[in-house]
Amino acid sequence: MPGFVAEMAAPANRPKLWFGVWSGFAITVGFAALAVAAALFDLTPWRWAFLWLVSVKLLTNSLAWLGLARDRWVMETQSINTIADVGLLTAAIYFTGGPYSPLLSTYVIIIAVLSLLTNLGVTILMAGFIVLSFSTMLILMTTGVLPPTPIPGSPGQIPSIGYVLTAIAFCALVVGVPAFFSAATLRLLRTKESEIEKRTALLISAATQRSQFVASMTHELRTPIHGVQGLADVIAAGVYGPVTDKQKDACAAIKRSAQSLLALVDDVLQLTRAEAGKIDARPGPVKIAELVERVSESVSYMVGTKKLTLETKVEKDLLPITSDERWLAHILVNLIANAVKFTPEGGRVTVSASVSGNDLVLCVEDTGIGIAEEDRERIFEPFRQGEKGDERGYGGVGLGLALVAKLVELLGARVELESEVGKGSTFRVLVPTSWKGRRTATLVVPPRVPTAELTRFDPNS
Amino acid sequence: MKKILVVEDDPVNSMILADFLAANGYETVAASSGPEGIERFEQDAPDLMLVDVQLPRQNGFEVVREIKSRPAGKTTPILLMSAVYNDRDQSSRTVQLGTLADGYLSKPFDLVNLLSQVRQLLGETK
């Protein structure tokens, strides 16, 4: 079955199918009344035409109704019903005068209804089928296979009152019933649409509220950390009296702790922004050697008192690339932070940059605990660490790599991971040397909160 | 002794600034909200002002605009202070603030940088 036919079976299209079936029954009842009228007015070919229409339509329409009611063979019964409509009509047209039949216009009605209730594919298919069945009838008539039928009310004859009334009733039926049902269907669909719009607006505002809440929370969290850092600074500077070396060391340690707390708070904010789809890229020339140097300087505090070797290796004479410097720095900082965290004392973290083909390769290699095969996908999800990380009680909420994954996507880059448990891990970020990223990213992360809770969320409560 | 007005709502940050500046030979006056800052400015006629952006009732931008519109405030150097979350914020903030104030400090403070900016604005650099 072609895709556009199968598509009509979708739950969203069910109301349309039901409307088709009910309007089919309504038309059948109308045809039955017309058959009685034709018998009364003694319009022999019309009587046969209408009886024929009523019987077959009743059969195929009931099949379609059964299909829908039982939810079995839905599209099969629907297809039979639709094809039967065209076949029946062509037969009725033959009985009522062939190419001169006033029923000819009904073809147009069928197409109009199909175009409203179904899709383009179905409509075109049935239009083709109408042309095919009509021309078959004409060929059969001109070759004499089908005998010509009498034409009541043909030119030169004054049509009988009965004929005129029947023709008017027929016209009203084939135009009126589909028009009524199509209008009703469209109204129903419009109601659904506005319901969907309302729900969407609600979801969007819930998501916005959530990220605004996190943003203001983040500000509130940062302020006291600034206080801690500032106090450590002024004490160490001797503002409150002479300080011993031991006290200076303690102040430096306080500052380092505050800094790592601050970095975590920043990650939360960045990720919230990314989730709200708010991160944008500003591509420009990036000097790699400078970038790597700046980043490794700014992360030296992470190493702190841990006995680790942090070294950088940048290929000589690297040309500037076009990318977003700030986000590249952020990616590096997060990868290095990660490496430092999971590498035991005496280990080594190596940051290197080189060019391979059209990509700049930024590489962060560590001699840490490594990442098990089964964890390699999920470490890039927010709030996740590898199983081993959870067990061994490494700190952190697992935001860094989730952010890396988002930024890499924004920059049009790729990230590769090689790791051996117990030996270490290598994260390789392949950044296109010419800009292939996006200007803004609508990086939507499926909410971790169920929708029902999201809509109930009120930051003021 | 040069007088510096610190407009900052967080008491700890306000204390750090006051103590640090005092230790470096400045007299400090503190205000904890926008309107109070403007009132102190009128009363104490400081030589320099440090104004936080996130202030209750009247934010730092409004305070700076208000003071710069007064005759006495035209020549008073003002340093705006704000927490920034990343470099991107910083660049846009700098543009925004540069047009208003005479300088800009990002939180958390680098005390050396703070001192050098203060000295420069007060014309004390050699």
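Residues numbered from 1 in each chain as written. Chains lettered and ligands numbered in written order. Predicted model: local features only at pLDDT ≥ 70, side-chain atom pairs only at ≥ 80, totals over all residues. Heavy atoms only, no water.

**So, the overall build of chain A**
A count of helices and strands for chain A gives 14 helices and 7 strands. Sequence-distant contacts, at least 24 apart, represent 73% of the contacts inside chain A between residues at least 6 apart. As presented, chain A carries roughly 24,100 Å² of accessible surface, and 62% of it is formed by carbon and sulfur atoms. (Helix = DSSP H or I, 4+ residues; strand = E, 2+ residues; numbered from the N terminus. Contact = heavy atoms within 4.5 Å. Areas by Shrake-Rupley, 256 points an atom, 1.4 Å probe, with all protein chains shown as cover.)

**Description of the confidence of the model for chain A**
The predicted coordinates ought not to be read in detail in places where the model reports low pLDDT. Residue and element names in this part refer to chain A. In this model, chain A carries a mean pLDDT of 80, and residues with pLDDT of at least 70 account for 86%. Note on residues 387-393: pLDDT under 50 across the span, and 8 contacts to partners over four residues away in sequence or across chains. Note that residues 443-461 has pLDDT below 50 and, in this model, 28 contacts with residues that lie over four places away or in other chains. (pLDDT = per-residue confidence, 0-100.)

**Quick word on the packing of helix H3 (residues 44-70) of chain A against helix H4 (residues 74-95) of chain A**
Residues and elements named next belong to chain A. In the contact formed by H3 and H4, the axes pass within 8 Å of each other and the chain directions differ by 175°. Looking at the two axes, H3 sits roughly antiparallel to H4. For the pair H3 and H4, contact is made by Pro-45, Ala-49, Trp-52, Leu-53, Val-56, Lys-57, Thr-60, Asn-61, Leu-63, Ala-64, Gly-67 and Leu-68 and by Val-74, Thr-77, Gln-78, Ile-80, Asn-81, Ala-84, Asp-85, Leu-88, Leu-89, Ala-91, Ala-92 and Phe-95, respectively. Class assignment for the residues of the contact of H3 with H4 results in 16 nonpolar, 6 polar and 2 charged. (Axes fitted to C-alpha atoms, helices over the stretch in contact; angles between N-to-C directions. Parallel < 35°, antiparallel > 145°, perpendicular 65-115°, else oblique. Nonpolar A, V, L, I, M, F, W, Y, C, P; charged D, E, K, R; others polar.)

**With respect to the pairing of strand S4 (residues 78-83) of chain B**
Side-chain direction in a regular strand flips from residue to residue, so the side chains alternate between the two faces of the sheet. All names here are of chain B. Counting buried positions along S4 yields 6 of 6 residues, so the element is predominantly enclosed. Residues Ile-78, Leu-80 and Ser-82 line one face of S4 and the alternating positions Leu-79, Met-81 and Ala-83 line the opposite face, and both faces are buried. The pairing of strand S3 (residues 48-52) with S4 spans 4 bridges and is parallel. Each residue of the ladder has a partner; that of Asp-52, found in S4, is Met-81. (Buried < 20%, exposed > 50% of the residue type's maximum accessible area, 1.4 Å probe, protein only. Pairing = 2+ DSSP bridges.)

**Here's the deal with the confidence of the model for chain B**
All names here are of chain B. Taken residue by residue, chain B gives an average pLDDT of 82. The fraction at 70 or more is 85%. Here helix H4 (residues 87-98) is the element of chain B with the lowest mean pLDDT, 53, and strand S1 (residues 3-7) is the one with the highest, 94. Taken over the whole predicted complex, pTM reads 0.47, whereas the ipTM for its chain interfaces reads 0.78.

**A short note on the side chain of Asp324(A)**
Secondary-structure assignment places Asp324(A) in the loop between strand S3 (321-323) and helix H11 (325-341). Within polar-contact distance, the side chain of Asp324(A) engages the backbone nitrogen of Trp327(A) at 3.1 Å. (Polar contact = N/O pair within 3.5 Å; in protein donor to acceptor, adjacent residues only side chain to side chain.)

**A closer look at the nonpolar core**
Proteins that are soluble and globular tend to have nonpolar side chains buried together. All names here are of chain A. One finds Phe-31, Trp-46, Phe-50 and Phe-170 to be the most contacted residues of the largest nonpolar core, which totals 43 residues. Listing elements by their share of this core, those giving two or more residues are helix H2 (14-40), H3, H4, helix H5 (106-117), helix H6 (120-142) and helix H7 (161-236). Here this core gets 9 residues from one element, more than from any other, and that element is H2. Listed in part, the 41 residues of the second largest apolar core include Val-292, Leu-360, Leu-362 and Ile-379. (Core = buried A, V, L, I, M, F, W, Y, C linked by side-chain atoms within 4.5 Å.)

**A look at unusual backbone geometry**
Positive phi is not limited to glycine here, since Asp71(A) has a value of about 60°. On the secondary structure map, Asp71(A) appears in the loop between H3 and H4. Positive phi, normally seen in glycine, also occurs at Ala45(B), with a value near 45°.

**Description of the pattern of salt bridges**
Residues and elements named next belong to chain A. Taken as a whole and assessed by the stated rule, the structure comprises 12 salt bridges over all chains. Note that Arg-414 and Asp-359 form a salt bridge whose closest N and O atoms lie 3.1 Å from each other. Of the two residues, Arg-414 is situated in strand S6 (residues 414-420) and Asp-359 in strand S5 (residues 359-366); the sequence distance between them amounts to 55 residues. Owing to a relative accessible area of 16%, Asp-359 belongs among the buried residues under this scheme. (Salt bridge = Lys/Arg side-chain N within 4 Å of Asp/Glu carboxyl O.)

**So, helix H1 (residues 11-23) of chain B**
Note on helix geometry: an α-helix contains 3.6 residues per turn, so any two residues three or four positions apart are oriented the same way. Residues and elements named next belong to chain B. Helix length check: H1 (13 residues) gives 18 Å between terminal C-alpha atoms against 18 Å at 1.5 Å per residue, within 8%. Taken together, the buried positions of H1 are Asn-13, Ser-14, Ile-16, Leu-17, Ala-18, Phe-20 and Leu-21. At the C-terminal side of H1, Gly-25 shows a positive phi close to 90°. (Expected span 1.5 Å × (residues − 1).)

**Considering the pairing of S3(B)**
All names here are of chain B. Of all 5 residues making up S3, 5 are buried, and the element is well covered by its neighbours. A two-sided burial pattern is seen for S3, the buried positions comprising Leu-48, Leu-50 and Asp-52 on one face and Met-49 and Val-51 on the other. Considered for its hand, the β-α-β crossover made up of S3, helix H3 (residues 60-68) and S4 is right-handed. (Right-handed = clockwise from strand over helix to strand, strands pointing away.)

**Let's talk about H3(B)**
The complete set of buried residues in H3(B) reads Gly60(B), Phe61(B), Val63(B), Val64(B) and Ile67(B). Looking down the long axis of H3(B), one finds its buried residues gathered within 165° of arc, a one-sided arrangement. (Arc of directions from axis to C-beta.)

**Topic: the sheet that holds strand S2 (residues 309-314) of chain A**
All names here are of chain A. Pairing is mixed in the open sheet, where 5 strands are placed in the order S2-S4-S5-S7-S6. In this open sheet, the two strands that pair with only one neighbour each are S2 and S6. With direction set aside, neighbouring strand axes in the sheet form an average angle of 15°. Two strands pair when backbone bridges link them, and S2 and strand S4 (residues 348-356) are joined in this way by 6 bridges, in the parallel orientation. If you follow Glu-311 over to S4, its bridge partner there is Thr-350. Across the sheet, helix H9 (residues 288-298) lies against S2, S4 and S5, angled at about 175° from S2, the strand it touches most. Running at roughly 20° to S5, H11 makes contact with S2, S4, S5 and strand S7 (424-432) of the sheet.

**Examining the packing of H4(A) against H5(A)**
Residue and element names in this part refer to chain A. Across the interface, H4 lies against H5 with an axial gap of 10 Å and an inter-helix angle of 165°. The angle between the axes of H4 and H5 places the two elements in the roughly antiparallel class. Crossing of H4 against H5: the hand is right-handed. The segment H4 lies against H5, with Thr-82, Asp-85, Val-86, Leu-89, Thr-90 and Ile-93 engaging Thr-106, Tyr-107, Ile-110 and Leu-114. Taken together, the residues of the contact of H4 with H5 break down into 6 nonpolar, 3 polar and 1 charged. (Left-handed = near helix turned anticlockwise from the far one by under 90°.)

**What to know about the packing of aromatic side chains**
Throughout the structure, instances matching the rule amount to 7 aromatic pairs over all chains. For the cation-ring pair, Arg47(A) lies above Trp48(A), with the distance from its terminal atom to the ring centre recorded as 5.7 Å. (Phe/Tyr/Trp six-rings, centres within 6.5 Å; stacked < 30°, edge-to-face > 60°. Lys NZ or Arg CZ within 6 Å of the ring centre and 35° of its normal.)

**Some remarks on the sheet that holds S3(B)**
All names here are of chain B. Pairing within the open sheet is parallel, and its 5 strands lie in the order S2-S1-S3-S4-S5. Where the open sheet ends on each side, the last strands, each with one partner, are strand S2 (27-31) and strand S5 (103-107). Between one strand axis and the next, the sheet turns by 20° as a mean value, whatever way the strands run. Sheet strands touched by H1: S1, S2, S3, S4 and S5. Its angle to S1, the strand with the most contacts, is close to 170°.

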